[in-house]
Amino acid sequence: MNALPIELILSDLRAALDSHRAVVLQAPPGAGKTTIVPTAFLGSPWLDDRSILMLEPRRLATRAAATRMASLRGERVGETIGYRMRGDSRVGPRTRVEVVTEGILTRRLQRDPTLDDVGLVIFDEFHERSLDADTGLALTLRTRSLLRDDLRIVVMSATLDGAAVSRMLGDAPVITSEGRLFPIDTRYVEPRAGARIESTVASTVASSLRNDTGDILVFLPGAAEIRRVEAGLATSDIGTAVVIPLFGALAHEEQDAALVPDPHGRRKIVLATSIAETSLTIEGIGVVIDAGLSRVPRFSPATGMTRLETIRVTIASAEQRRGRAGRLGPGVCYRLWPEYENSHLLAKPAPEIAAADLAGLALGLAAAGVSDPRELTWLDPPPAASFAGAVELLRELNGIDASGTITAHGAAMSELPLHPRLAHMLIRARALNASPLACDLAALLGDRDIFRGASGPIDADIALRLEFLRGSESRSLPFGAQLDRDGTRRVRAEADRLARQSGVAPRSATASIDHLGLLLALAYPDRVAQRRSGTRPRFLLRNGRGAELTGSQGLSPSQFLVAAELDDSRPESRIFLAAAIAEEDIRTAFADQIESEDVVEFDESTSSVRARRTERLGAIVLRDVAIGDPNPEAIRVALMRAIAARGIDSLPWPDAARRYRERMAFVAAHDSAWPDVSSTALAASAADWLAPALGDARKISDVAAIDLVAALGTLLDWRQRRDLDTLAPTHLDVPSGSRIAVDYSNAGAPVLAVRIQEVFGWTETPRLAGGRAALTLHLLSPAHRPVQVTQDLRGFWTSSYFDVRKDLRGRYPKHEWPEDPMTATPTRRAKPRRD
């Protein structure tokens, strides 16, 4: 049997780790690093009697790696080689190499930061940059720095920037292994315009079965596409070939069936997610069909919600997938995209830490005594905004205190292998005597939905899922739903495990689900929602976001619900999983967070101030009633805000107040010591002159009853109030004896409109503002029509008057039009009254 490529560099690898505390190993897929490297160190003197931990990114890879290593030694798993993952472990007293899922290391470091019984930690497939792997490496480096300077670390990867990892590990040596890859014929298949990916996959599979040899490995983005392709191939002519799905949620037996040759010698068509890119050896593969898509979670710090997003595959992932076709001999890789699109692909995937929900990370760090991630060494540190949001959630769940230190409740949460939301719910359920229900609910929410959509939206009510989980599979499914029986069995097993761990009785088919909404609210306090008004089932979440139920939904009439799963789309998220909750349960769960507030605000629809007492939980209004005796000052403030928003000129100014303001503006235009009464200035000083005059006014219309003249007068000192009538008199006495009003609407030039006969005898134009401004005279005919506008009365009498006189004599012959108006007798009549 030919040696694996990794065996050629084992002596260099051992020597490097003998002299250094860390090594970076670069080896392509198929080199044998996963199954050969861990056991190569068992005889190393620095290991002593300690064990080796090797981290794998997936449960399937963990079991497969341990099984393969044990078989190479002629042993069973659980002897020298064992594995450990959540809910499943095979280790014994003789176990020296433990293959573990990545989260196991973090929890182990929380309980035992010294790792006294471990001599070497190996991070396999580190290029996948999972959140757990990054966290585990950061905490392991902390342990080595503070407590265990003899602890060795090996970071292994197929595609990774070895230099960057080397620097992170203190300039660790980099060992590179050449791969063993047979020639691969890469063919590009451009999908037809508008064709679904499933149809392109099916036609490519059919073509490959006719033209190629070996088993076929198809990469698809997720389980939904796998099931659709599987259904399509079931009705296609694939001869004797057998179709086998491969994704993380399948049972062990189904996963194992994809890894080994078909017992009947048939060709296999393995439909897999990215789970098959690395770590696993799938025997017999000679053809790879790559749909070029991957499904990844995307977390939004702004909304606290995670959505699954289908993205294009990266160059690194495409090469990993392609390499699967050339491990056993010459192979073929079909890429279902045009070749020119390769230039548009990203080089490598972003690390999970950059776009993940960091609540679990924040709790794990707090449990390890780390309140600030900057205390640790990271290849890529957690984004500040996402980490801050995670810390805020943990404070809301009472997992950490204000200083970031873990609480007793948080420590209990960290012991549960659940998202902090679900761990918090499970612990709080004990006080409600609802632990069995909480275990079922945590299992349901921690896995894929057990209802699959055949077409259209599925009923979002979690209560329906609970009925099927508790054995009511005989009842009819909601419209458009299919039951995932494998998923249901998996969820039941997880719920039973949580029940055993919590020390509670298992579920009962007849147990009450009365606390369902309350429990869900404990897990998702930010997603309590209130129904909006209207006929559509639209809801307002506590965090201010909008959400809606689509299709036929039993929860549509609910006044309150808790949304466990949404799609985070805008402007309103679609609700996929939810439960109804009673208002009294909301008050029970969040009694200390409900804020009572007297809201005094202006109502534009009535143009008046409205005073109401509200009780709010975030954006949700639980109670809103009118207040009979609101605070007068609050009313004034609200009315003043409305006036400011509308503008000072929108007030119902009485004529007297308007004229008073115009007179003040006229004087101010000629004397800077006087107050500015422009709209802008009055708005800025309204608190000084208007607010005190409002009294008990509550409407804009009430302002009409206010003495605005007196209010404006408060802007003047006593001298100015005294001088106003002199500087800007309201009326002037003219030679005829009439008292004529002065118009100050044009602040720069006040106007006196008077019949021309009433000013005979005036030789000079009157001046105002202490002589600084000439009055503008609008001289009128007997019919009160203007015949002349002037600020120079003497000039008019001596020039233009004679032309005006001719015209007036013709139109008004019964009136006297003297030749010398400066000495003529003024009159209000047709002719002067003779003494």
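Our structure's up above, just so we're on the same page.
Residues numbered from 1 in each chain as written. Predicted model: local features only at pLDDT ≥ 70, side-chain atom pairs only at ≥ 80, totals over all residues. Heavy atoms only, no water.

Novice: What am I meant to see in the overall build of the protein here?
Specialist: Looking only at helices and strands, one finds 27 helices and 33 strands in the protein. For the C-alpha atoms alone, the extent of the protein along its principal axes is close to 145 × 60 × 60 Å. Per-residue burial over the protein gives 52% buried out of 835 residues. If you take every contact in the protein between residues at least 6 apart in sequence, the share linking residues at least 24 apart comes to 66%. As displayed, the protein offers around 37,400 Å² of accessible surface, 49% of which is attributable to carbon and sulfur atoms. The centroid of the 104 positive side-chain charges in the protein is displaced by 4 Å from the centroid of its 107 negative side-chain charges. (Helix = DSSP H or I, 4+ residues; strand = E, 2+ residues; numbered from the N terminus. Buried < 20%, exposed > 50% of the residue type's maximum accessible area, 1.4 Å probe, protein only. Contact = heavy atoms within 4.5 Å. Areas by Shrake-Rupley, 256 points an atom, 1.4 Å probe, with all protein chains shown as cover. Lys, Arg positive; Asp, Glu negative; His and termini not counted. Charge placed at Lys NZ, Arg CZ, Asp CG, Glu CD.)

Novice: Please clarify how the packing of helix α1 (residues 10-19) against helix α2 (residues 33-40) should be interpreted in this entry.
Specialist: Relative orientation and spacing of two packed helices are given, respectively, by the angle between their axes and the distance between those axes. Running from N to C, α1 and α2 point in directions that differ by 50°, and their axes come no closer than 11 Å. Of the possible angle classes, the one that applies to α1 and α2 is oblique. In this structure, α1 meets α2 at a crossing whose hand is right-handed. Together, L10, L13 and R14 of α1 and I36, V37 and A40 of α2 make up the contact between the two elements. Residue composition of the contact of α1 with α2, grouped by class: five nonpolar, no polar and one charged. (Axes fitted to C-alpha atoms, helices over the stretch in contact; angles between N-to-C directions. Parallel < 35°, antiparallel > 145°, perpendicular 65-115°, else oblique. Left-handed = near helix turned anticlockwise from the far one by under 90°. Nonpolar A, V, L, I, M, F, W, Y, C, P; charged D, E, K, R; others polar.)

Novice: Just checking my understanding: could you explain the side chain of R327 for this structure?
Specialist: Structurally, R327 can be placed in the loop between α10 (315-323) and β16 (331-335). It turns out R327 is buried and unbridged, and the closest side chain with the opposite charge, E125, is 6.6 Å from it. (Salt bridge = Lys/Arg side-chain N within 4 Å of Asp/Glu carboxyl O.)

Novice: How do you make sense of the environment of P38 when you look at a structure like this?
Specialist: When you line up the elements, P38 lands in helix α2. Owing to a relative accessible area of 0%, P38 belongs among the buried residues under this scheme. Linking P38 and I52, residues 14 residues apart in sequence, is a C-alpha distance of 7.2 Å. Setting aside anything within four residues of it in sequence, one finds P38 in contact with K33, I52, M54, M69, V97 and I122.

Novice: I tried to follow the sheet that holds strand β24 (residues 595-603) on my own but got confused; where do I start?
Specialist: Strand pairing in a sheet relies on backbone hydrogen bonds, with the paired strands running either antiparallel or parallel. Pairing is antiparallel across the open sheet formed by three strands, whose spatial order is β24-β25-β26. For this open sheet the edge positions go to β24 and β26 (620-626), each flanked by a neighbour on one side alone. In this sheet, neighbouring strand axes are inclined to one another by 35° on average, regardless of whether the strands run parallel or antiparallel. One ladder, built from six bridges, connects strand β25 (residues 608-617) with β26; its direction is antiparallel. The residue bridging R616 from the neighbouring strand is V621, located in β26. Along the sheet face, helix α20 (residues 632-646) touches β24 and β25 and points at about 45° away from the line of β24. (Pairing = 2+ DSSP bridges.)

Novice: I keep staring at the packing of aromatic side chains and nothing clicks. Help me out?
Specialist: Two numbers describe a pair of aromatic rings. These are the distance of the centres and the angle of the planes. According to the stated counting rule, one finds 11 aromatic pairs in the structure shown. Centroid distance W653 to W689: 6.2 Å. Interplanar angle 25°. Geometry classified as stacked. Residue W653 is located in the loop between α20 and α21 (655-670), and its partner W689 is located in helix α23 (residues 686-689); the two are separated by 36 residues in the primary sequence. Across the pair, W689 and W653 agree in class, each one buried. One Lys or Arg, R542, reaches over the ring of F590 and ends 5.1 Å from the middle of that ring. (Phe/Tyr/Trp six-rings, centres within 6.5 Å; stacked < 30°, edge-to-face > 60°. Lys NZ or Arg CZ within 6 Å of the ring centre and 35° of its normal.)

Novice: Sorry, what's going on with the sheet that holds strand β23 (residues 572-580) here?
Specialist: If you walk around this closed barrel you meet the five strands as β19-β20-β21-β23-β22, and the pairing is mixed. Here the strands of the sheet are splayed against their neighbours by 50° on average, with no regard to which way each runs. As defined by bridge partners, strand β20 (residues 538-541) adjoins strand β21 (residues 546-548) across three bridges and the pair is classed as antiparallel. Its bridge partner being in β21, F539 is matched across the sheet by A547. Running over the sheet, helix α18 (residues 516-523) touches β19 (528-531), β22 (560-566) and β23 and is turned about 130° from β23.

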